[in-house]
There are 2 protein chains.
Amino acid sequence: MTQELIRSIARSTSSKIILLVLDGLGGLPDPRTGKTELEAANIPNMDRLARLGVCGLSVPVGPGITPGSAPGHTALFGYDPVGVNIGRGVLEAVGIDFPGERGDVLARGNFCSVDRDGNITDRRAGRISTELNATLCPLLEMSIQDVRIIVAPVKEHRFVVAFRGTGLSPDITETDPQLTGVPPNPVTAISPQAAKTARIANQFIEISKGILKDKLPANMVLLRGFSQMPHLPSMKEIYQLKPAAIATYPMYRGLARLVGMDILDTGTTFEDEIATLKKHYNSYDFFFIHFKKPDAAGEDGDFARKVESIEEVDRSIPAIVSLKPDVIVVTGDHSTPAVLKAHSWHPIPTLINAPYCRTDAVTEFSESACLRGGLGIFPAMHIMPLALANALKLTKYGA
Amino acid sequence: MTQELIRSIARSTSSKIILLVLDGLGGLPDPRTGKTELEAANIPNMDRLARLGVCGLSVPVGPGITPGSAPGHTALFGYDPVGVNIGRGVLEAVGIDFPGERGDVLARGNFCSVDRDGNITDRRAGRISTELNATLCPLLEMSIQDVRIIVAPVKEHRFVVAFRGTGLSPDITETDPQLTGVPPNPVTAISPQAAKTARIANQFIEISKGILKDKLPANMVLLRGFSQMPHLPSMKEIYQLKPAAIATYPMYRGLARLVGMDILDTGTTFEDEIATLKKHYNSYDFFFIHFKKPDAAGEDGDFARKVESIEEVDRSIPAIVSLKPDVIVVTGDHSTPAVLKAHSWHPIPTLINAPYCRTDAVTEFSESACLRGGLGIFPAMHIMPLALANALKLTKYGA
């Protein structure tokens, strides 16, 4: 089923959809209790949504595939997570709300340390402070031929480089050898149209080396993840929606911006996010609400904190329900089991609560209950068509 | 999800995977008991693997499609069973460990009987003995122009012909009219580049007819299934595995060889196969163990013998478990219900046992229990990505 088909039957209506994404929601059992984080959490409000809704387990990319944040979210937004390629440079840029332009070649940069012979001694320049980083980046801004090079600090040793000009291509190799004791690799073109970009990137690196020569530990740069902003059809174009994103982390705001969502200012807690939802509720018909904490706790291997973060969301569910949205979806972009301390490939508990959802026998929101749900085990790309259908925003297909 | 994606994220690690294939595992209920062969079998060890693992029903090719051995196994090895075309000639050749070379055009041959007018009287030459076959085949070896023709006996009236030379193509028609009372069909080219092959095949047949003229009942040959070895990327290339195959039947060794597995010498029983596994356990990180008996019993319509063959495997499961592999997969290449006496289209009970598999509520290994398992009903092509993920051999996909 393609987005083209959905586009051909989507219509604008007054109904409203809320897509609530608990980052890293899915988990694995604590060996001592046999319960996952979600199963251990006390979540009467989500249980109620599940009981009245229809549940399943969503698969972001494919069986066995552990998704990064970008494919996890493109799938949730209804875009083919394999066909849409969001490079590391782009992701780093959207993660700092970098004002990228179409055609920019973006890269993730590291300040690093090199010795007198130019061999890398520390790929992260001793993790210099973000403040120092912010003073170094402006020194590296320059123009080479018709290409303007913009350098923006991220955090510690990390920065974003944008090459802005005509005829640029991201088909160039990375300079980071992922090793110490060797010099950075030169950039080489891997397609004929990338010759200019490779040449300019190498010149940028050479000039930067000169600029940084007395700045040990940050006396050199490494570049990787050269990529261009993907040109995606917007959610407005495909779904006839007026969508908004509420997210405390810039990366998720950036991913939402790539598909044409308006980005709403919000605070740092889930309560703040719900306050933002209330404030703008009348202005949009689709809200993507992103909550980062379950993933962060999972990555830290902190089972209890992940449980608490899920409970934190549950306490605000009544505030969402009281707005009377037509469709509430609760899901995640991937699993992040605390026992793995990492993203994982496991399917994600997902519920769709709506008046005509055809509810199933599921009475609680959990991995094991969702397995017996009415949605089965299904690709995450199907969530948007299902949400739209349940909001009665899709017309009949075919005569 | 493509093999390209898997290839891009696979990494070599020290973890080990065992893929145990019970040929024809799936079944149908005995009408008297309502239990399938697997459900009737006493298999405490497989039940235990299922209880601690995650289960499902795998579909080799598609709903309603009854697979032959070749597509059944290509799917299990993670290759598209429809995209990968293994012709009958190739299958016959790999089935006798024939040392095929890239570019060989292989065909399955039959000795047949013809009358004075050249009309076929018996398509199988009265099923001559394998011994007689073995004396006739060498008589037919010859060279025509730059093409060497190698003829290798199989069983009874069957043999393999390999045309080895430059510029050959398998795009030629078969000679077997599948009828008696008519002469064999001439070979004709069905693509322009096959003209040479067609001419040489016809010359080979004509010369063979002369050689065999006094050998009634085996006084003529029929050729079909012209095909070339598919060039498949190896499991090493795609999965970064060092794979080995343990199989008592040559056809399965041949299929494993097509995807680059090392073939380990073994005996004739499942115990022999497990002894082989133990002997080579340290030298590989992936073992395909093939056990033929359940399929053979199913084809014979012998329900009880199929039950026994499954129990035979179960008795050796502890020996496998004691090696502490990271992932154990137990599945089949297709169903072979004794009540049908044939391969069938029914999904196949499949279990994956691994520390991070996210176990389900299944407590026994059976068709009915697997239907409620955490893997759902899923394409057999997904088994390899799932096994690799569970062995922590796949890195994150996407930024």
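Residues numbered from 1 in each chain as written. Chains lettered and ligands numbered in written order. Predicted model: local features only at pLDDT ≥ 70, side-chain atom pairs only at ≥ 80, totals over all residues. Heavy atoms only, no water.

## Things to note about the packing of aromatic side chains
Scanning the model with the defined rule gives 16 aromatic pairs over all chains in all. Measuring from centroid to centroid gives 4.9 Å for Phe77(A) and Phe288(A), while their planes differ by 80°, and the two rings are edge-to-face. Of this pair, Phe77(A) sits in the loop between α4 (69-76) and α5 (88-94) while Phe288(A) sits in strand β11 (residues 286-291), placing them 211 residues apart in sequence. Comparing Phe77(A) with Phe288(A), the two get one shared label, buried. Taken together, a centroid distance of 4.7 Å and an interplanar angle of 50° make the contact between Phe111(B) and Phe159(B) tilted. Of this pair, Phe111(B) sits in strand β3 (residues 105-114) while Phe159(B) sits in strand β7 (residues 158-164); the two residues are 48 residues apart in sequence, bridging distant segments of the chain. The two residues Phe111(B) and Phe159(B) agree in class, both being buried. Put simply, the rings of Phe163(A), Phe204(A) and Phe226(A) pair up and form one aromatic cluster. Its end group placed over the ring of Tyr281(B), Lys16(B) keeps NZ or CZ at 4.9 Å from the ring centre. (Phe/Tyr/Trp six-rings, centres within 6.5 Å; stacked < 30°, edge-to-face > 60°. Helix = DSSP H or I, 4+ residues; strand = E, 2+ residues; numbered from the N terminus. Buried < 20%, exposed > 50% of the residue type's maximum accessible area, 1.4 Å probe, protein only. Lys NZ or Arg CZ within 6 Å of the ring centre and 35° of its normal.)

## Considerations on the relation of the copies chain A and chain B
Rotating chain A by 121° and translating it 0.1 Å along the rotation axis places it on chain B, where the RMSD comes to 0.3 Å. Classification of the inter-copy transformation places it as that of a three-fold axis. (Least-squares fit on C-alpha atoms with pLDDT ≥ 70 in both.)

## Some words on the sheet that holds strand β2 (residues 54-59) of chain B
All names here are of chain B. Across the sheet, which stays open at both edges, the eight strands sit in the order β10-β9-β11-β1-β12-β13-β2-β14 with mixed pairing between neighbours. Because the sheet does not close on itself, it has two edges, and the strands there are β10 (262-263) and β14 (376-379). Packing against the sheet, helix α4 (residues 69-76) makes contact with β1 (17-22), β11 (286-291) and β12 (327-331), and its axis sits at approximately 160° to β1. Of the strands in this sheet, β1, β11 and β12 are in contact with helix α12 (residues 303-321), which crosses β1 at around 170°. (Pairing = 2+ DSSP bridges. Contact = heavy atoms within 4.5 Å. Axes fitted to C-alpha atoms, helices over the stretch in contact; angles between N-to-C directions.)

## Observations concerning the pairing of β7(B)
Residue and element names in this part refer to chain B. Of all seven residues in β7, six are buried, a share of seventy percent or more. Of the strand pairs in this sheet, β3 and β7 are connected by six bridges, and their pairing is antiparallel. By the bridge assignment for β7, Leu106 is matched with Ala162. Examined bridge by bridge, strand β6 (residues 147-153) and β7 share six bridges and lie antiparallel to one another. Bridge pairing in β7 places Ile149 opposite Phe163.

## Digging into the interface of chain A and chain B
Taken together, the 31 residues of chain A in the interface contact 25 residues of chain B. Contact between chain A and chain B buries roughly 1900 Å² in total, counting both sides, with carbon and sulfur atoms accounting for 69%. Contact with chain B buries surface across chain A, with Pro63(A), Ile65(A) and Trp345(A) losing the most and accounting together for 29% of the total. One can count one salt bridge joining chain A with chain B. In this structure, Glu367(A) and Arg358(B) form a salt bridge, with 4.0 Å as the shortest nitrogen-oxygen distance. Joining chain A to chain B, the criterion identifies eight residue pairs in polar contact (both at pLDDT 80 or more). Those elements that place two or more of their residues in the side of chain A that touches chain B are α4 and α5 of chain A. Within the side of chain A that touches chain B, the residues separate by chemical class into 18 nonpolar, eleven polar and two charged. (Buried area = accessible area lost by both parts, 1.4 Å probe. Salt bridge = Lys/Arg side-chain N within 4 Å of Asp/Glu carboxyl O. Polar contact = N/O pair within 3.5 Å; in protein donor to acceptor, adjacent residues only side chain to side chain. Nonpolar A, V, L, I, M, F, W, Y, C, P; charged D, E, K, R; others polar.)

## Focus: the pairing of β2(B)
Residues and elements named next belong to chain B. Of all six residues that make up β2, six are buried, and the element is covered over most of its length. Burial of β2 is two-sided: the residues Val54, Gly56 and Ser58 facing one way and the residues Cys55, Leu57 and Val59 facing the other way are all buried. When β2 meets strand β13 (residues 348-353), the two strands line up antiparallel, connected through five bridges. Note that in β13 the partner of Val54 across the bridge is Ile352. Bridge count between β2 and β14: four bridges; the pairing is parallel. Bridge pairing in β14 links Val59 to Pro379.

## Some remarks on the side chain of Lys16(A)
Turning to its location among the elements, Lys16(A) is positioned in the loop between α1 (3-9) and β1 (17-22). The contacts of Lys16(A), once residues within four sequence positions are left out, are Tyr281(A), Asn282(A), Tyr284(A), Asp285(A), Pro325(A), Asp326(A) and Val327(A).

## Structural notes on the environment of Ala399(B)
Mapped onto the elements of the fold, Ala399(B) is located in the segment after α14 (383-390). Using a relative accessible area of 13% as the deciding quantity, one classes Ala399(B) as buried. When neighbours within four sequence positions are excluded, Ala399(B) is seen to be in contact with Gly68(A), Ser69(A), Ala70(A), Pro71(A), Ile86(A), Gly87(A), Arg88(A) and Leu91(A).

## Here we look at unusual backbone geometry
The omega angle of the peptide bond from Leu216(A) to Pro217(A) is 10°, so this bond is cis rather than trans. Among the structural elements, Pro217(A) can be located in the loop between α7 (195-211) and β8 (220-228). Positive phi, close to 55°, is recorded for Asp97(A), a residue that is not glycine. Tracing the backbone shows Asp97(A) in the loop between α5 and β3 (105-114). Exposure remark for Asp97(A): the relative accessible area of 31% places this residue in the partly exposed category. In the Ramachandran plot, Arg127(B) falls in the positive-phi region, its phi being about 45° despite a non-glycine side chain. Turning to its location among the elements, Arg127(B) is positioned in the loop between β4 (120-122) and α6 (130-136). Judged by its relative accessible area of 47%, Arg127(B) falls in the partly exposed class.

## Comments concerning α4(A)
Residue and element names in this part refer to chain A. Within α4, eight of the eight residues are buried, which leaves the element mostly enclosed by the surrounding structure. Ser69, Ala70, Pro71, Gly72, His73, Thr74, Ala75 and Leu76 are the residues of α4 that are buried. Contacts made by the buried residues of α4 are with β1, α5, α9 (250-258), β11, β12 (327-331) and α14 (383-390). Directly after α4, the chain includes Gly78, whose backbone phi takes a positive value near 90°.

## Comments concerning the sheet that holds strand β14 (residues 376-379) of chain A
Residues and elements named next belong to chain A. In spatial order, the strands read β10-β9-β11-β1-β12-β13-β2-β14; together these eight strands make up an open sheet with mixed pairing. Since the sheet does not close on itself, it has two edges, and those belong to β10 (262-263) and β14, each with one partner. The sheet contacts of helix α3 (residues 44-52) involve β1, β2 (54-59), β12 and β13 (348-353), and relative to β13 the element is tilted by about 65°. On the sheet, α14 packs against β1, β2, β11, β12, β13 and β14 and is oriented at approximately 155° with respect to β12.

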